[in-house]
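Residues per chain, in single letters:
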Amino acid sequence: MDGPSGSGKGTISALVAERLGWRLLDSGALYRAVGYAAGMAGLDLSDVEAMTRCAHGTKIQFRPAMDAGETRVVVNGHDATDELRTETAGAAASAIASMPSVREALVALQLGFRKAPGLVADGRDMGTVIFPDAAYKVFLTASAAERAKRRYKQLKEKGLSVTLGGLQREIEARDSRDASRAVAPLKPAEDALLVDTTGMGIDEVVAKVLAVVQP
Ligand SMILES: Nc1ncnc2c1ncn2[C@@H]1O[C@H](COP(=O)(O)OP(=O)(O)OP(=O)(O)O)[C@@H](O)[C@H]1O
Ligand SMILES: Nc1ccn([C@H]2C[C@H](O)[C@@H](COP(=O)(O)O)O2)c(=O)n1
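Residues numbered from 1 in each chain as written. Chains lettered and ligands numbered in written order. Predicted model: local features only at pLDDT ≥ 70, side-chain atom pairs only at ≥ 80, totals over all residues. Heavy atoms only, no water.

**A closer look at the environment of aspartate 82**
Here is step 1: Residue placement: aspartate 82 occurs in helix α4 (residues 81-84).
Here is step 2: Look at aspartate 82 and you get partly exposed, because its relative accessible area is 46%.
Here is step 3: Measuring from C-alpha to C-alpha, the distance between aspartate 82 and arginine 72 comes to 8.7 Å, with ten residues separating the pair along the chain.
Here is step 4: The residues contacting aspartate 82, other than those within four sequence positions of it, are Glu70 and Arg72. (Helix = DSSP H or I, 4+ residues; strand = E, 2+ residues; numbered from the N terminus. Buried < 20%, exposed > 50% of the residue type's maximum accessible area, 1.4 Å probe, protein only. Contact = heavy atoms within 4.5 Å.)

**Describing the pairing of strand β5 (residues 119-122)**
Here is step 1: In β5, alternate side chains face the same way, and those of Leu119 and Ala121 on one face and Val120 and Asp122 on the other are all buried.
Here is step 2: Sheet analysis places strand β1 (residues 23-26) next to β5, joined by four bridges and oriented parallel. Among the inter-strand pairings, arginine 23 is bridged to a residue of β5, identified as leucine 119. (Pairing = 2+ DSSP bridges.)

**Let's talk about the domain arrangement of the protein**
Here is step 1: Looking at the assigned domains, one finds that the protein contains domain 1 (1-22 + 117-214) and domain 2 (27-113).
Here is step 2: Summarising the inter-unit geometry, the C-alpha centres of domain 1 and domain 2 are found 18 Å apart.
Here is step 3: At the junction of the two partners, domain 1 supplies 20 residues and domain 2 supplies 18 residues.
Here is step 4: Between domain 1 and domain 2, a total of about 1500 Å² is buried, with carbon and sulfur atoms accounting for 51% of that surface.
Here is step 5: The three residues of domain 1 that bury the most area against domain 2 are Ile130, Arg174 and Arg177, which together make up 31% of that side's buried surface.
Here is step 6: Taken together, domain 1 and domain 2 are joined by four salt bridges.
Here is step 7: The salt bridge partner of glutamate 87 is arginine 174, with a shortest N-O separation of 3.1 Å.
Here is step 8: Our count for the domain 1 to domain 2 interface comes out at six residue pairs in polar contact (both at pLDDT 80 or more). (Domains from an automatic or database assignment. Buried area = accessible area lost by both parts, 1.4 Å probe. Salt bridge = Lys/Arg side-chain N within 4 Å of Asp/Glu carboxyl O. Polar contact = N/O pair within 3.5 Å; in protein donor to acceptor, adjacent residues only side chain to side chain.)

**Focus on the site of ligand 1**
Here is step 1: Lining the immediate surroundings of ligand 1 are 19 residues, of which Lys9, Gly10, Thr11, Arg151 and Met200 lie closest.
Here is step 2: Between ligand 1 and serine 5, the relevant distance is 3.0 Å, taken from an oxygen atom to a side-chain nitrogen or oxygen of the residue.
Here is step 3: A distance of 3.4 Å is found between a nitrogen atom of ligand 1 and a side-chain nitrogen or oxygen belonging to arginine 150.
Here is step 4: For ligand 1, the accessible surface in isolation is 630 Å², of which the surrounding protein chains cover 83%.
Here is step 5: Among the secondary structure elements, those contributing two or more residues to the shell around ligand 1 are α1 (9-20), α9 (144-157) and α11 (202-213).
Here is step 6: Classifying every residue of the shell around ligand 1 gives four nonpolar, eight polar and seven charged. (Near = heavy atom within 4 Å. Areas by Shrake-Rupley, 256 points an atom, 1.4 Å probe, with all protein chains shown as cover. Nonpolar A, V, L, I, M, F, W, Y, C, P; charged D, E, K, R; others polar.)

Now the structure itself:
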């Protein structure tokens, strides 16, 4: 499941994985975790060698939530779930994700998630680079305005101080960087099902994806 920021990849992937009883990989969380670990260590995010060492050395664990809440992401022993969801963490992740050696450092970890009975993986290059032989590929999109509105609502609910205009600019800048980088750019795989979720509810999108996976 690939697509730009706020298209609903994480939400739809989690629901589809739950319905199918498959595993889930939030690959964006890996890039966010490395950016976060680098920040905590006071490293320069533009230093490719330091970021590559950091990508190799960061311990990232996904822990199921105690209640029905979201999966916790533990970075070097610290529960960083809330810090990782900010747009600042997204921008840092996007910056280091343009470094080929950082991407390379995270490949084996991602491939390790591929286990029976199945895996739903969300990111930017799941269908094009990491799992090119995936049985089903979906590319979710939505207009930038709609994606910004969704993110605004999500962050406001978490009590964060954000503006709609500011979020839309940040989202557009991140998408543009992710789509224009030389390695593993954000783009649909040739054989992906394209779903424009603008104006579609979450249940509708889940049903559309499940209709393909379970025809
Ligand atoms: N079809 C939809 N209709 C309304 N809201 C949606 C829809 N899909 C997702 N959302 C909401 O939009 C917000 C962003 O969704 P989500 O985090 O799944 O996007 P994403 O593509 O994984 O983003 P990112 O790449 O930045 O992690 C969430 O609050 C989610 O509940
Ligand atoms: N497969 C992936 C996943 C993520 N990234 C980079 C680019 C994104 O802007 C950033 C954060 O991802 P998100 O949590 O918003 O899905 O990480 C990538 O390059 N490849």
